[in-house]
Every structure is written in structure tokens, then in C-alpha cells.
Amino acid sequence: MSHPKQLLLDEYEALASQIAYHERLYRDGVPEIPDAAFDDLVDRYQQLADELEIPPEQRIDQTPGVDHTDGFVQVEHRSPMLSLEKISPYRRDGKGDSLPSLGQFLSWYDRRQKDLGIHRHEQLPLLVEPKIDGISVSLLYVRGQLQRAVTRGDGKKGDDITRQVKSARAVPERLDGVRGSLEVRGELYWPLDAFSAHNQKLILFGEKPLANPRNGCAGLMKRKDPEGLHHAGIRSFLYQIPWSEDLPLPTSQFEVLQWLKHCGAPVYLDEIFLAHHPHDAFHYCEQYAERRPHLPYEIDGMVIKLDRLDLYSRLEGTGHHPHWAIAYKFPPERKPTLLKGITVQVGKSGKLTPVAELEPVLVAGTTVSRASLHNFPELERKDVRVGDTVFIEKAGEIIPQVVSVDLDKRPINTESYARPTACPACGADVVSEDIFIYCPNPSCPHQVRERLRHFASRGAMDIEGLGAALVEQVIDKLGVVSPDDVFRMKEADLAGLERMGKKSAANLMKSLQIAKDRGLARVLVGLSIRHLGTTMAEDLANHFESVDALLDFAQRYRQGDPQAIEQVAPEKGSGVIEGMARKTADSIFAELASPSVRGVIEGLRQVGVLLEAKRQLSDAVVGVVGKSFVLTGSLPTLKRDEASALIKAAGGIVGTSVSKKTDYVVVGQDAGSKLDKAQKLGINLLDEAGLLALLRK
Ligand code: IVH
């Protein structure tokens, strides 16, 4: 087993790259996972970052800010629009069927009693409301007339979406009988029936349906031409009046909602509950979970609020959330479906993983037809059998999982699953290690394919244009087997492949040239060595500086040189590589010293791949690593090559032309067509100050 801290670090890093990946998809308007699943990833990331004591400046920036769209006027909020603290069902291993625990909630309630200096036996009335999964909006009514609608944005300032909201007829244009001015906050959302009708239309016109109502709603509200938006059927739920003038307002949340209703605003009085005891509030949330599948809109939880508004100013919140409310999050959606078969996948280092082949089912917004069964002992523990009805869930995990079997629905004549004894791809006898089963044949065609995919992937050599489908083709048609072969491919051969052509082939040749220079750490990551993740690869590269020094060391370690062992895996304390335990070291150095890895490294050397450490890890900035930047115009203080050098030192990539794949465009004076293109594509723009802030300079 690896060192526990290393396991956490590996998970932390994997999460950071998953979050970056999903953020990118979200920004491109093609999310793969529901927002709740994304939130879960971020929650787990924050938890690990705390546990590992990662300094704040090295964490990925989670301040909401991605919401600003070019072309929209930004408006400052009178008071910040914050998030809510959450109590969540926490179930990483798929075991048990939990809702948030009462204990979590009562400890929040206790803290509030203490903050307010209220005796334990004196109860605070609580109002429970559904937490609609939409986008928050701030509405300004002047003399009862809707004046302005603004998105949450980064919490301090948001985008002016007045035209869109008015055209969508999503909120009242007038509040009946109101003469004063006020700000009302609430949620814009897309009711499920209107959303499906819209998707049906898209399908009919041969277009791709939208992934989920929340993102769909956000997209409509950012439409530059809002004409005719009312056909979409966007609705709202208004729940807060943070500011008012010349208005006698009620003093409890319950009465505020009644007052809003009286003025003609959409509030769901039937859906809320005024509790006089915390247990009752909590119980209402639990019961409401059962109504969730039957509601006409999506909710991701409940909000429990102190009902007495006079207490709010006495509670100091954090910059992230107030202390007068808490969100009760529902567990991820779970659906039953038929297990049609169990297939076995072979991973890059030979690990065999069972995968459930399912009757397609809609779970949390996307159709699922395959799900992970994790490993064989887990499959056996759950006794999952072909023909069973199984429950599928998409929690914080991106890959949907089989959580349990519905034994009542098990048909007769099913059989327990028998573990494979031979690799399904190459037929080699499998070997067992810990709880896993491996194919020991390094030339197994599935292993070769997975290793090449991994080698070309973003976290490793980042060979742009060499995606999964092309890898398959270069193996089958060009006889590529080893990572170094990738750099020997000929442009003319590439141009002849399916869906390629001269231009793509030429681009791929360029990407290959660029990839050669990524440095030792990325090469090490790309070699698919078991237990060797990004952090450890960087530590090894920084410590040994060149591949020769590293291979030399591996050889000595392998031969049992006590000095070498003492250096990385001493009996007591930690060696020169943080978090590397003896067993991990044994495994990593054995692979590094093996003839096959040495052979690949020699091959990479011959084709001119840089095998030396490139930069110090300490310069890398999380959030910049792997991101692509384009510079345009002249910056006030930095010269262009200075800016490039800073970006590269932080782990970013500097490109010359703007495309959908560009993450940031840095804009200076007299910026030209690159700026226009970036605006058209909705790419994040930075000025020099923004760049320096991102680089934490
Ligand atoms: S009260 C400090 N009440 O949930 C924010 N929020 O995760 C206080 N939301 O930004 C918000 N339904 O967009 C409140 N009944 C409700 C809500 C609700 C949905 C959203 C809102 C907020 C987010 C916080």
C-alpha cells in the first residue's frame, strides 16, 4: 500500500485536474456532469486541501467569477451575494443510503444559539424552503417597477440581464401596491416540462439537446438577443429582500414570503415550513426528499433559515456564507436499471476493472449506459449478477457507479460472477496483487492503447490533436506501439488516416515538436508507472534533474544499495521524496530499472525528447498549470517575452493564436483581431494586473 498521505495527495491532484477539466467543459457549454456532482468534487477538493494544509494561494481559485460574459455590463451589488454553508450526505464509497445527519445540523444550530447568547432551551424559529437549482438573481424595483436584474457574478458584481429577464417574463414587471424601492433576490429556473419541450424541439431540428435545466437557463439569460425568450418558459422563486427604502417590511422570513406573494411575486408558500423546533425543521427536509422526483422543477436540497430577521445583523458570517441559514443537500439521484452484462477493461498498467453494461437510464440529467463496478472484491461483496436490477448513482464521482442490487427483482437462474483468470484482451494468465487483478503482459494490446492514450494526454505530454480515437488508428494502421514511436510518425502517413488530412497532420507534427520539450517530470508521468503520480514525478525530476541520474539511482536501489534505500525510504521519517513509502519506492524504482522502461527512455532520447527537469515545482501555480494563454497588444509594464516567461514558469502554455481551446487571452493596448476572436469565443480576458494576480506575483 502507498503512504496514506501520498494517497491523499494523489486524490487531491486527480481532483484538481478533474475540476479544471469540468470547468473547461462547462465554459464551452458542454458539461458532462451535473452541477451537483461538480460541487461535490469541489467540496472534496477543499476538504483534502485543508487536510493536507495546502496554502490558499496554491489552491485552485474557487471564487465564483466565471459567470461574467463579455458584452454584458457589470453592476456592483449593494451587498455581496454569498453562498450557503452546507450539510451534505457524505458517501464516497457507495455504501449505505444516507441523508445529511441530524448531528451536523444540530451542531450548526447550537453554534447559532451560542453566537446569539440564547439559552439552549430557548428555541429559534426556523423557516425551511426548497433550494431550487437555478441561477441566482438580484432584482431592483423602483417604486414597484422592475428596473434592473443582475446575476450573482463573482458575488460582488454581476452581469446586467434586465433585457433577458424582462423578455423571458420570468419575474413580475411590477410588484402590486408597492410604492417604495427594494432589492429582491431569488432564483431563476427552467421548469422541467418546459425544459424537456425545448429539448424535444432541438432534437427535432437535429441539434444537440441541452445537458440540464440549470445550465440551459443560464445560457438563455446570457443570450445577446433576448427577443422572444418568453417561449422558453423560464420561471423564478423570490426569497429575500436585502434592501428597501420607504417600505414598512415584516420582521420574519415567513412574513416576507407572504408579503411578496401578496405583491404578486412567485413564492411557494405551500412548499415552505415554519418549524418551532430544530428537529421538526430537519424532519421536514428528510420528508421533502421523497417529493423530489415528483416536483415540476429540480431542487438540490433545502434551505433552513432563522425566521427572525432582526437576528441576522447580530450574526457575523464569513466572506463565503452568512450564519443565518444553512443548506441541507440531498444525496445524488439514484436510479434502478437492468444490468445487461459485465465487461472487463484493461488499464494502462494492466489493472483489470469490471464494468457494468446497462440498459440506458437517465440519471441526474445524463443518460448512463455503463457504470464502474470498481474492483472484483467489491463486485463480489455486492454479489452483482448479470440480469439483476441495480441502482445507479452519479455522485461526486464522474463515472457513474453501481451502488447496490435490488434483490427482490433478481430473476431465477442468475449466477454469481466468476473472476477472469485470463486477460480478456491478450489471454495472458492474470496475477493478483492486493485487491486487484493484473494482466502481466506489457505488450497486451489494450495496455498498449491505454498507455499511449495516457502518454498523449493533458496531464502527461499533452500532445494536442492526439486524442483517444487517433491513438487507436495510429496503433492499427501505423504500427505504433511504444511512446517513442509516436515521435517517429511521418506527416504523410498521418495525412492518410481517417478524419485526418494535410492540415491536421501538419498540426499534429507541430504539437509533437512542442511536446518534446515538456521536460522530465511530464515524461515520467507519461510512462504509466504504477504509483507514480504528478507530484511524485515532479519531486523525482526536481531532485535528480536528469533521467540518467534517476535511472542510475533506480539501478542502485534495485540492487539493494543501503545508501540509496536510506535516501528515499529511511526506516524513520521521510526521505528526500516527500510521501514516498518503502513499498511505493520498491515498486517505482523496480519499474524504472526494468529493461522495458529503459528501452522506452532510450527511444525517447533518440527522437530528441527532453529528459531533464525543466523547472522548479515551487514556481508552478495551481490554476495556471496546463492552461493555455495568448498575448495580444502591449502591456503597461511587462514586455511580451517577460510575460511569456512568467506564464511558462508557472506551468502555463503560451500560444500564438486564439482558439476554443485557449483558456486566457492577455490583453494590452492596441490589441487586434485576437481580442475580437476571444470575445466571440467567450474566452476569459485578462489585463496585466489580472495576469499577475493569477500568477500570484
Ligand atoms: S437564501 C447567502 N434560499 O442557493 C445566500 N438561496 O447555495 C442566501 N437558492 O446563492 C440564499 N433556493 O442561488 C436561498 N430558498 C432559497 C434558495 C436559495 C436556491 C440558491 C441561491 C444561493 C445558493 C446558495
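Residues numbered from 1 in each chain as written. Predicted model: local features only at pLDDT ≥ 70, side-chain atom pairs only at ≥ 80, totals over all residues. Heavy atoms only, no water.

Visitor: How should I be thinking about the packing of aromatic side chains in this particular structure?
Guide: The geometry of two aromatic rings is summed up by the distance between their centres and the angle between their planes. Scanning the model with the defined rule gives 21 aromatic pairs in all. Each ring, one from Phe282 and one from Tyr328, has its centre 5.4 Å from the other, and the planes form 75°; the classification is edge-to-face. Taken together, the residues span a long stretch of sequence, with Phe282 in helix H8 (residues 278–291) and Tyr328 in strand E11 (residues 325–329) at a distance of 46 residues. The exposure classification of Phe282 matches that of Tyr328, with both residues buried. Ring centres 4.5 Å apart and planes at 5° place the aromatic pair Tyr312 and Trp324 in the stacked group. (Phe/Tyr/Trp six-rings, centres within 6.5 Å; stacked < 30°, edge-to-face > 60°. Helix = DSSP H or I, 4+ residues; strand = E, 2+ residues; numbered from the N terminus. Buried < 20%, exposed > 50% of the residue type's maximum accessible area, 1.4 Å probe, protein only.)

Visitor: Any chance you could explain the site of the ligand here in plain terms?
Guide: Taken together, 16 residues are adjacent to the ligand, and Glu129, Ser136, Glu187, Tyr239 and Lys305 come closest. At a separation of 3.3 Å, a nitrogen atom of the ligand approaches a polar side-chain atom of Tyr239. Take Lys305: an N or O atom from its side chain is 3.0 Å from a nitrogen atom of the ligand. Considered on its own, the ligand offers 510 Å² of accessible surface; in the complex 90% of this is hidden by protein. (Near = heavy atom within 4 Å. Polar contact = N/O pair within 3.5 Å; in protein donor to acceptor, adjacent residues only side chain to side chain. Areas by Shrake-Rupley, 256 points an atom, 1.4 Å probe, with all protein chains shown as cover.)

Visitor: How should the pairing of strand E19 (residues 628–632) be read in this particular structure?
Guide: On a regular strand, one side chain projects to one face of the sheet and the next to the other, so that they alternate. When you tally the buried positions in E19, you get 5 out of 5 residues, the bulk of the element. Burial along E19 is two-sided: Ser628, Val630 and Thr632 facing one way and Phe629 and Leu631 facing the other are all buried. Pairing geometry for E19 and strand E20 (residues 653–655), over 3 bridges, is parallel. Pairing of Val630 across the sheet is with Gly655, part of E20. Considered for its hand, the β-α-β crossover made up of E19, helix H21 (residues 640–649) and E20 is right-handed. Where E19 lies against strand E21 (residues 664–667), 4 bridges are found, and the strand directions are parallel. Directly across from Thr632, in E21, lies its bridge partner Val667. (Pairing = 2+ DSSP bridges. Right-handed = clockwise from strand over helix to strand, strands pointing away.)

Visitor: Explain the layout of surface pockets to me, please; I cannot follow it from the model alone.
Guide: Empty pockets left among the atoms are what a rolling probe the size of a water molecule brings to light. In this structure, the second largest pocket spans a volume of roughly 610 Å³. Along its surface, the second largest pocket is lined by 28 residues, and Pro442, Gln447, Arg451, Glu591 and Ser596 are the ones closest to its centre. Examining the composition of the lining of the second largest pocket, we find that 4 residues originate from one element, helix H10 (residues 445–456), more than from any other. The residue inventory of the lining of the second largest pocket, partitioned by class, reads 13 nonpolar, 10 polar and 5 charged. (1 Å grid on protein atoms, 1.4 Å probe; cavity = no way out; pocket = protein on both sides within 12 Å on 5 of 7 lines; lining within 4 Å. Points joined across faces, edges and corners; volume = space filled by probe spheres on them. Nonpolar A, V, L, I, M, F, W, Y, C, P; charged D, E, K, R; others polar.)

Visitor: Would you take a moment to explain the packing of helix H17 (residues 547–558) against helix H19 (residues 582–593) for this structure?
Guide: Any two packed helices are characterised by the angle at which their axes cross and by the distance between the axes. It is the contact of H17 with H19, at a shortest axis distance of 8 Å, that shows an interaxial angle of 115°. The way H17 lies across H19 gives a crossing that is left-handed. Packed against H17, whose contacting residues are Leu550, Leu551, Phe553, Ala554, Gln555, Tyr557 and Arg558, the element H19 presents Arg582, Ala585, Asp586, Phe589, Ala590, Leu592 and Ala593 at the interface. By residue class, the composition of the contact of H17 with H19 is 10 nonpolar, 1 polar and 3 charged. (Axes fitted to C-alpha atoms, helices over the stretch in contact; angles between N-to-C directions. Left-handed = near helix turned anticlockwise from the far one by under 90°. Contact = heavy atoms within 4.5 Å.)

Visitor: Please explain the pattern of salt bridges as it appears in this structure.
Guide: It is possible for side chains bearing opposite charge to pair when their charged atoms get close. Summed over the entire model, instances satisfying the criterion amount to 33 salt bridges. In this structure, Glu357 engages Arg370 in a salt bridge whose closest nitrogen and oxygen atoms are separated by 2.9 Å. Of this pair, Glu357 sits in strand E13 (residues 352–363) while Arg370 is found in strand E14 (residues 366–372), placing the two residues 13 residues apart along the sequence. When the shortest N-O distance is used, the salt bridge between Arg410 and Asp383 registers 3.3 Å. Taken together, the residues Arg410 in the loop between strand E16 (401–405) and strand E17 (431–433) and Asp383 in the loop between helix H9 (376–382) and strand E15 (389–393) connect sequence positions 27 residues apart. One connected set of salt bridges, linked through shared partners, spans Asp383, Arg385, Asp388 and Arg410. (Salt bridge = Lys/Arg side-chain N within 4 Å of Asp/Glu carboxyl O.)

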